[in-house]
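A structural walkthrough
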Amino acid sequence: MTLYVLRRLTAGLVLAVLVTMITFLLLSTSFDDIASSIVGNGATPARVQAQKAQLGLDRPLFTQYLDWLSHAIRGDLGLSYFTSEPVRSALAARLGVTLSIVLAALLVTTVISVVLGVLAATRGGAVDRIAQGVSMVGYLVPNLLIAIALVYVLAVKLHWFPATGYTPLAENPAGWASTIAIPVVALMMSGVAGLTSQIRGAMIGELRKDYIRTLRTRGIPTRSIVLRHALRGAAGPALTVLSLEFIQMLGGALIIEQVFALPGFGQYAFNASLQGDIPIIMGISLFGVLLVVCVNLVVDLVNGWLNPKARVLQ
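Residues numbered from 1 in each chain as written. Predicted model: local features only at pLDDT ≥ 70, side-chain atom pairs only at ≥ 80, totals over all residues. Heavy atoms only, no water.

1. Quick word on the overall build of the chain
Looking only at helices and strands, the chain features 13 helices and zero strands. Listed by position from the N terminus, the elements making up the chain come as α-α-α-α-α-α-α-α-α-α-α-α-α. Its C-alpha atoms put the chain at 85 × 55 × 35 Å along the principal axes. A burial count over the chain gives 42% of its 314 residues as buried. Pairs at least 24 residues apart make up 71% of the contacts formed inside the chain by residues separated by at least 6 positions. Just so you have it, the chain exposes about 16500 Å², and 67% of that area is on carbon and sulfur atoms. (Helix = DSSP H or I, 4+ residues; strand = E, 2+ residues; numbered from the N terminus. Buried < 20%, exposed > 50% of the residue type's maximum accessible area, 1.4 Å probe, protein only. Contact = heavy atoms within 4.5 Å. Areas by Shrake-Rupley, 256 points an atom, 1.4 Å probe, with all protein chains shown as cover.)

2. What to know about the packing of aromatic side chains
In total, this model carries three aromatic pairs according to the counting rule given. Each ring, one from Phe24 and one from Tyr65, has its centre 6.3 Å from the other, and the planes form 50°; the classification is tilted. Note that Phe24 is positioned in helix H1 (residues 2–27) and Tyr65 in helix H4 (residues 61–73), a separation of 41 residues in sequence. For Tyr65, a relative accessible area of 3% translates into the label buried. Three or more aromatic residues joined by ring pairs form one cluster here, namely Phe24, Phe31, Tyr65 and Trp68. The ring centre of Tyr268 lies 4.1 Å from the NZ or CZ of Arg94, which sits over that ring. (Phe/Tyr/Trp six-rings, centres within 6.5 Å; stacked < 30°, edge-to-face > 60°. Lys NZ or Arg CZ within 6 Å of the ring centre and 35° of its normal.)

3. Some thoughts on the nonpolar core
Of all hydrophobic cores here, the largest spans 47 residues; its most connected members are Ile101, Val102, Ile182, Val184, Met203 and Phe260. At the level of elements, helix H5 (87–123), helix H7 (143–157), helix H8 (173–207), helix H9 (210–217), helix H10 (222–259) and helix H12 (278–306) are the ones that each hand at least two residues to this core. Top element by residues in this core is H8. It accounts for 14 residues. Ranked by size, the runner-up nonpolar core spans 28 residues in total, among them Leu57, Leu69, Val87 and Ile278. (Core = buried A, V, L, I, M, F, W, Y, C linked by side-chain atoms within 4.5 Å.)

4. Examining the side chain of Thr23
For Thr23, the location among the structural elements is in helix H1. Among the residues examined, Thr23 registers a relative accessible area of 15% and is labelled buried. At a separation of 2.8 Å, a polar atom in the side chain of Thr23 contacts the main-chain carbonyl oxygen of Val19. Apart from residues lying up to four places away in sequence, Thr23 is in contact with Ile281, Met282 and Ser285. (Polar contact = N/O pair within 3.5 Å; in protein donor to acceptor, adjacent residues only side chain to side chain.)

5. A word on a nonpolar patch on the surface
Where nonpolar side chains cluster on the molecular surface, the patch consists of Leu144, Ile148, Leu254, Ile255, Phe270 and Leu274 and spans about 530 Å² of accessible area. Those elements that provide at least two residues to the nonpolar patch are H7, H10 and helix H11 (265–275). Position of Phe270 among the secondary structure elements: in helix H11. (Patch = residues over 30% accessible without salt bridge, like charges linked within 9 Å, V, L, I, M, F, W, Y side chains within 5 Å. Salt bridge = Lys/Arg side-chain N within 4 Å of Asp/Glu carboxyl O.)

6. Quick look at helix H6 (residues 125–140)
End to end, H6 covers 23 Å across 16 residues, agreeing with the expected 22 Å (1.5 Å per residue, within 8%). Within the span of H6, buried status applies to Asp128, Ala131, Ser135 and Gly138. Angular distribution of buried residues about the axis of H6 spans 90°; they occupy a single face of the element. Turned more than 90 degrees away from the buried face of H6 sit Arg129, Ile130, Met136 and Leu140, all of them exposed. Buried residues along H6 sit in contact with H5 and H8. (Expected span 1.5 Å × (residues − 1). Arc of directions from axis to C-beta.)

7. Structural notes on the confidence of the model for the chain
Counting all residues, the mean pLDDT for the chain is 83, and 96% of those residues have values of 70 or more. The least confident element of the chain is helix H13 (residues 308–313), whose mean pLDDT is 46; the most confident is H4, at 92. Across residues 309–314 the pLDDT falls below 50, and counting only partners more than four positions away or on other chains, this stretch makes 11 contacts in the model. (pLDDT = per-residue confidence, 0-100.)

8. Observations regarding the environment of Gly201
Summarising the element assignment, Gly201 is placed in helix H8. Gly201 sits 69 residues away from Phe270 along the chain, and the two C-alpha atoms are 37 Å apart.

9. A short note on the packing of H7 against H8
It is at 9 Å that the axes of H7 and H8 come closest, and there the two elements cross at 145°. Helix-helix and strand crossings are classified by hand; for H7 and H8 the assignment is right-handed. When H7 is examined against H8, the residues Asn143, Ile146, Ala147, Leu150, Val151, Leu154 and Ala155 are found in contact with a partner set consisting of Ile182, Val185, Ala186, Leu187, Met189 and Ser190. Of the residues that constitute the contact of H7 with H8, the class distribution is 11 nonpolar, two polar and no charged. (Axes fitted to C-alpha atoms, helices over the stretch in contact; angles between N-to-C directions. Left-handed = near helix turned anticlockwise from the far one by under 90°. Nonpolar A, V, L, I, M, F, W, Y, C, P; charged D, E, K, R; others polar.)

Following this line, the structure appears as structure tokens:
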């Protein structure tokens, strides 16, 4: 298991290097535009070249990337070109906002999907139709449209929740819950659709297996069979879908944070992309890759704990 973890971490680090290298190469095509934006009015060719030299953007690309990578390994992601704010501390502060929204959405998605998926597989009938209807709505309706509709109804018309803004959890838990409620619902709809369908299908397959019939003949209560045996067997594929939903929610946060004016990772990335703030964009790329690698590793380890066969394969 330790060797497996080391292999996955090594592969993750290689992936991080490749992603950041490609990102830097793509950004290199806009060095002149970035320097012009920093100079502002009166950006003559001479001033633009001087600004590029000051930032080190006139050096060979490979040298620039190696310089950034050597600092990143030591935890130094540089300073923002436009605010001179340390990128690492800025990302850490904003990542907490995004993760609080995404993890809350993931938790609610998991609870709703497990309940709907298990009930649809075990009871069928109206419950199954409701679960499939929820999945269809989640698949067909975009998150952005859901977010706008929720803001209009719950914030503008009913005044149940604030339309924009964010309250830190440590400052006011109730205020935090009210500010993330609508973003969480908007993020989780497509996740509920995919995960409910996966759990429903996996549960139906598990309940038809021979070992389930054997447990029933031994007089094991149905509740125990469903929750302790069938659900555990169906959890592996569901965890894989859940990890993909987490990645998708991180991407969805880019849009949701713009709609609700949340000071999170997505909004920071969006603004940095518009400005061409290279240190921030590079830091975001690195953070994103490492976060995805860690999530996939955790999912694999949990799946190995749930399924001994997967543990052997690792």
